[in-house]
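A closer look at the structure
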Amino acid sequence: MSETQSRPGPLSNIRVLDLSRVLAGPLTSMNLADLGADVIKVERPGAGDDTRQWGPPFAEDGTATYFQTANRNKRSIAIDFREPAGLQLILDLIAESDVVVENYLPGALERAGIDLEAIRKEQPSLIVASITGFGSAGGASRPGYDFVAQALSGLMHVTGERDGEAMKVGVALVDVLASKDSTIGILAALQHRDRTGEGMRVEVNLLSSIQAALANQIQATVGAGVEPTRLGNVHPSIMPYESLPASDGEIAVAIGNNKQFRDFVTLLGRPELADDERFATNPDRVAHRPELREILSEALASDTAENWQERCVAANLAVGKVNTIGEGIELAQELGIDPVLELERDGVASKGIRHPVRYTPAFDMPTAGPPALDADGDAIRDRV
């Protein structure tokens, strides 16, 4: 196939009904839409998804950038399924779908007349992905908000300065991780269906997603009975692996082995540190962290963060200045990663961050901007 020929996305044969709102669910369905799936987003008449009003900031066309985050490449229909006609329309759309994504409180859809488990018995190939805050058992009634999940999971307990207050991460990380987990689950269920013809229920909850992502920190508790605490930007097991001050700002320094440490201190003009018995091995450096930090900070104060970064990168050392988000985008562009996606829908141009996975051979990545509320309602109703 030549590079100019059309190559549809790997999920171009999949219809997804998106009954979710806010972030984790919509990000899940957007991941599928980026891969070519036909995603129909169901919204409340009048207001639509909550995030349509979550601003500022707003884009030039008045769309909340929060909504733009998770809703490109979808079609929108406004349905009030509390009304009999709306409920029937939802049921008809489910009958035409391969996947349903929902993040209502457990039992809420059933009370509205949408019993997905009963539907799965009649439509056994259907895949239902349910995202909750705290599962469908004892935590079923708890609303699932990222900030609260960060607090309850322990993530906030290990985030922040050693003597400061617990801090949330600077993005709704739990929602993002849950969306990736649910996307993985849906793709696995689609593969299972291809082999067996049988659909699945895929269940993800925010608490489980962030606990799995706590990685070495939670393993310290499970595996060794150690309760990690806040260390700021310091790594509990590696030194130097933290932010250190240059003359005009901070740089992140990640030194993972003894050779890298020798190369780093040689670059700083302090090669003798590599043979100092206090710093010869990583456990030694961790044990003498305060002394080493003071010495490194004094050496780094002689130049700017940008200059240290350039010199360390040239020496194949993992060091980088603390960028703004805009500076991070500029860096990605300089590195040829091309992170910004140009979008367009109904004559309205917008931008987004490109799907992070690249494929070879490439397929046609859809580039439709987020839909206006009920933008596709008439066309969808005519088809059902």
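Notes on the structure in this doc start here. (Residues numbered from 1 in each chain as written. Predicted model: local features only at pLDDT ≥ 70, side-chain atom pairs only at ≥ 80, totals over all residues. Heavy atoms only, no water.)

Points about the pattern of salt bridges
Per the counting criterion, the structure on display carries 26 salt bridges. Where K259 meets D263, a salt bridge forms, and the shortest distance between an N and an O atom there is 2.8 Å. Here D263 and K259 lie together in helix α10 (residues 258–267), a separation of four residues that amounts to about one turn. Given a relative accessible area of 59%, K259 falls into the exposed group. Among the salt bridges present, the one from E272 reaches R270, with a minimum N-O distance of 2.5 Å. Accessibility expressed as a relative area gives 29% for R270, which makes it partly exposed. Several salt bridges converge on common partners, so that one network encompasses R15, D38, R75 and E96. (Salt bridge = Lys/Arg side-chain N within 4 Å of Asp/Glu carboxyl O. Helix = DSSP H or I, 4+ residues; strand = E, 2+ residues; numbered from the N terminus. Buried < 20%, exposed > 50% of the residue type's maximum accessible area, 1.4 Å probe, protein only.)

Focus on the pairing of strand β3 (residues 74–78)
Burial analysis of β3 places four of its five residues in the buried class, the great majority of the element. Here strand β2 (residues 38–43) runs beside β3; their pairing, made up of five bridges, is parallel. Bridge pairing links V39 to K74 in β3. (Pairing = 2+ DSSP bridges.)

Quick notes on unusual backbone geometry
Cis geometry marks the peptide bond from P56 to P57; its omega dihedral reads 5 degrees. Relative to the helices and strands, P57 is located in the loop between β2 and α2 (65–69). The linkage connecting T360 with the following residue, P361, adopts the cis geometry, with an omega of 0 degrees. With respect to the secondary-structure elements, P361 resides in the loop between β11 (348–353) and α15 (377–383). Despite not being glycine, N316 has its phi angle at roughly 65 degrees, a positive value. Turning to its location among the elements, N316 is positioned in the loop between α13 (305–314) and β9 (318–321). Although it is not a glycine, D338 adopts a positive phi angle of roughly 55 degrees. Examined against the element boundaries, D338 turns out to sit in the loop between α14 (325–334) and β10 (340–345).

Considering the sheet that holds β3
Across the sheet, which stays open at both edges, the six strands sit in the order β3-β2-β1-β4-β5-β6 with parallel pairing between neighbours. Whereas interior strands pair on both sides, the edge strands pair on one side only; in this sheet they are β3 and β6 (201–205). The sheet shows a mean angle of 20 degrees between the axes of neighbouring strands, direction not considered. Where strand β1 (residues 15–19) lies against strand β4 (residues 99–102), four bridges are found, and the strand directions are parallel. Bridging from a neighbouring strand, D18 pairs with V101 of β4. Packed on one face of the sheet, helix α3 (residues 84–95) meets β1, β2, β3 and β4 and runs near 145 degrees to β1. (Axes fitted to C-alpha atoms, helices over the stretch in contact; angles between N-to-C directions. Contact = heavy atoms within 4.5 Å.)

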